[in-house]
Amino acid sequence: MLRPNTPLEGYPKPGTPEQRVGHAMRVAGANAGITFTGLTDRTPNTELFHACMLALEESPRRQTAFQEKAFEAYFTLGVFPDEAGLLACAQKVDVDERSGDGDDDEHAEGESSSSSSVEAALAALFTDADRIAALRRRAKQEALEIRMSGVSSVPFFFFEWRPVFSGARDVQDFVGALRAFARAPPVESCSSSNQPAAPPAAAAAS
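For clarity, every value in this text was computed on a predicted model and none was experimentally measured.

Basis of the calculations
Residues numbered from 1 in each chain as written. Predicted model: local features only at pLDDT ≥ 70, side-chain atom pairs only at ≥ 80, totals over all residues. Heavy atoms only, no water. Helix = DSSP H or I, 4+ residues; strand = E, 2+ residues; numbered from the N terminus. Expected span 1.5 Å × (residues − 1). Buried < 20%, exposed > 50% of the residue type's maximum accessible area, 1.4 Å probe, protein only. Arc of directions from axis to C-beta. Contact = heavy atoms within 4.5 Å. Core = buried A, V, L, I, M, F, W, Y, C linked by side-chain atoms within 4.5 Å. Polar contact = N/O pair within 3.5 Å; in protein donor to acceptor, adjacent residues only side chain to side chain. Axes fitted to C-alpha atoms, helices over the stretch in contact; angles between N-to-C directions. Parallel < 35°, antiparallel > 145°, perpendicular 65-115°, else oblique. Nonpolar A, V, L, I, M, F, W, Y, C, P; charged D, E, K, R; others polar. Left-handed = near helix turned anticlockwise from the far one by under 90°. Phe/Tyr/Trp six-rings, centres within 6.5 Å; stacked < 30°, edge-to-face > 60°. Lys NZ or Arg CZ within 6 Å of the ring centre and 35° of its normal. Salt bridge = Lys/Arg side-chain N within 4 Å of Asp/Glu carboxyl O.

## Regarding helix α7 (residues 129–148)
Working step 1: Between its first and last C-alpha atoms α7 spans 29 Å; for 20 residues at 1.5 Å apiece the expected length is 28 Å, and the two agree.
Working step 2: Where α7 is concerned, the buried positions are I132, L135, A139, E142, A143 and I146. The arc that holds every buried residue of α7, seen down its axis, measures 100 degrees, which confines them to one face. Of the residues in α7, the exposed ones pointing more than 90 degrees away from the buried face are A129, D130, R137 and M148.
Working step 3: Close packing links the buried residues of α7 with α3 (47–55) and α6 (118–126).

## A look at the side chain of T43
Working step 1: With respect to the secondary-structure elements, T43 resides in strand β2 (residues 42–43).
Working step 2: Beyond its immediate chain neighbours, meaning those up to four positions away, T43 contacts R3, T6, G10, Y11, K13, Y74 and F80.

## Examining the nonpolar core
Working step 1: Core analysis: the biggest nonpolar cluster contains 21 residues, and C52, F66, L86, L122, L125 and F126 have the highest contact counts within it.
Working step 2: Examining the composition of this core, we find that 6 residues originate from one element, α3, more than from any other.
Working step 3: For F66, the residues in contact, after removing those within four places along its chain, are F49, C52, M53, L56, L86, C89, A90, V93 and L122.

## Structural notes on the environment of D128
Working step 1: In this fold, D128 is placed in the loop between α6 and α7.
Working step 2: According to the relative accessible area criterion, D128 is partly exposed, its value standing at 32%.
Working step 3: Within the local environment of D128, its side chain forms a polar contact with the backbone nitrogen of R131, the two atoms lying 3.1 Å apart.

## A word on the packing of α3 against α7
Working step 1: Their axes nearest at 8 Å, the elements α3 and α7 cross at an angle of 100 degrees. Judged by the angle between their axes, α3 and α7 are roughly perpendicular. Contact residues: α3 offers E47, L48, H50, A51, L54 and A55, while α7 offers R131, I132, L135, R136, R138, A139, K140 and E142.
Working step 2: Per-class residue counts for the contact of α3 with α7 are 7 nonpolar, 1 polar and 6 charged.

## Side note on the packing of α3 against α6
Working step 1: Axis separation between α3 and α6 bottoms out at 11 Å; the angle between their running directions is 120 degrees. Looking at the two axes, α3 sits oblique to α6. By crossing handedness, the relation of α3 to α6 is classed as right-handed. Along its contact with α3, which presents L48, A51, C52 and A55, the element α6 presents L122, L125 and F126.
Working step 2: The residue inventory of the contact of α3 with α6, partitioned by class, reads 7 nonpolar, no polar and no charged.

## Overview of the packing of aromatic side chains
Working step 1: Inspection of the entire model under this criterion finds 11 aromatic pairs.
Working step 2: Here the aromatic rings of F157 and F165 are separated by 5.6 Å at their centres, their planes lie at 65 degrees, and the arrangement is edge-to-face.
Working step 3: Of the residues examined, F157 reaches a relative accessible area of 23% and is grouped as partly exposed.
Working step 4: Residue class for F165 comes out buried when judged on its relative accessible area of 10%.
Working step 5: Pairwise contacts between aromatic rings join F157, F159, F165, F174 and F181 into one cluster.
Working step 6: One Lys or Arg, R42, reaches over the ring of F80 and ends 3.6 Å from the middle of that ring.

## What about the pattern of salt bridges?
Working step 1: This model, assessed by the stated rule, comprises 7 salt bridges.
Working step 2: In this structure, the salt-bridge partner of R61 is E97, at a minimum N-O distance of 2.9 Å. Remark: E97 occurs in helix α5 (residues 83–99) and R61 occurs in helix α4 (residues 60–77); sequence separation between them is 36 residues.
Working step 3: The exposure class of R61 is buried, given its relative accessible area of 11%.
Working step 4: Judged by relative accessible area, E97 falls into the partly exposed class, the value being 25%.
Working step 5: Residue E142 is joined to R138 by a salt bridge in which the shortest nitrogen-to-oxygen separation is 3.0 Å. A residue pair is termed a helical-turn pair when its members lie 3 or 4 positions apart in one helix, as E142 and R138 do in helix α7 at 4 residues.
Working step 6: The exposure class assigned to R138 is partly exposed, which follows from its relative accessible area of 31%.
Working step 7: When salt bridges with common partners are traced through the structure, they connect E47, R136 and K140 into a single cluster.

What follows is the structure in structure tokens.
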């Protein structure tokens, strides 16, 4: 949530789709197999997306699949991440699962199994005002803690809980960082109280 004060309904983006995506971003995306189109004509408040991610946290596999669908929907297909848009993303996750296109490791270590579809899980969430309000509050609090730790952009990379850099980077940047940290002394404590909070994945749509 890079713009926490965005209205819940979002606000209009200026310009045309072509003007909304710079040349460098288009090239970087193409090199990574991502098509940035600029088709979404509103900047969203991503609280609802983050609440959905938290609702799916017991299934990291499904959570990741949902994040990827939401990323594609917003940045490529021009789908605004409101309830209808997010339910459409969840439906695509379910379709991939049924067709075998998703992660085949249905019972990944540490992940609970469930016969409920992702779409059904989120549809139930959207009808539970108290639960979704609680998840929104949790998402906002986690985002605040992350900003206070010094993270102001996404993606932001940590190595052994040490902040390194942010933004799109060349492979050599990662190679150099990994080599430097391989030579560095180990972190003395990695207790949860000393670790920066893991950024809520929606940053994709922030």
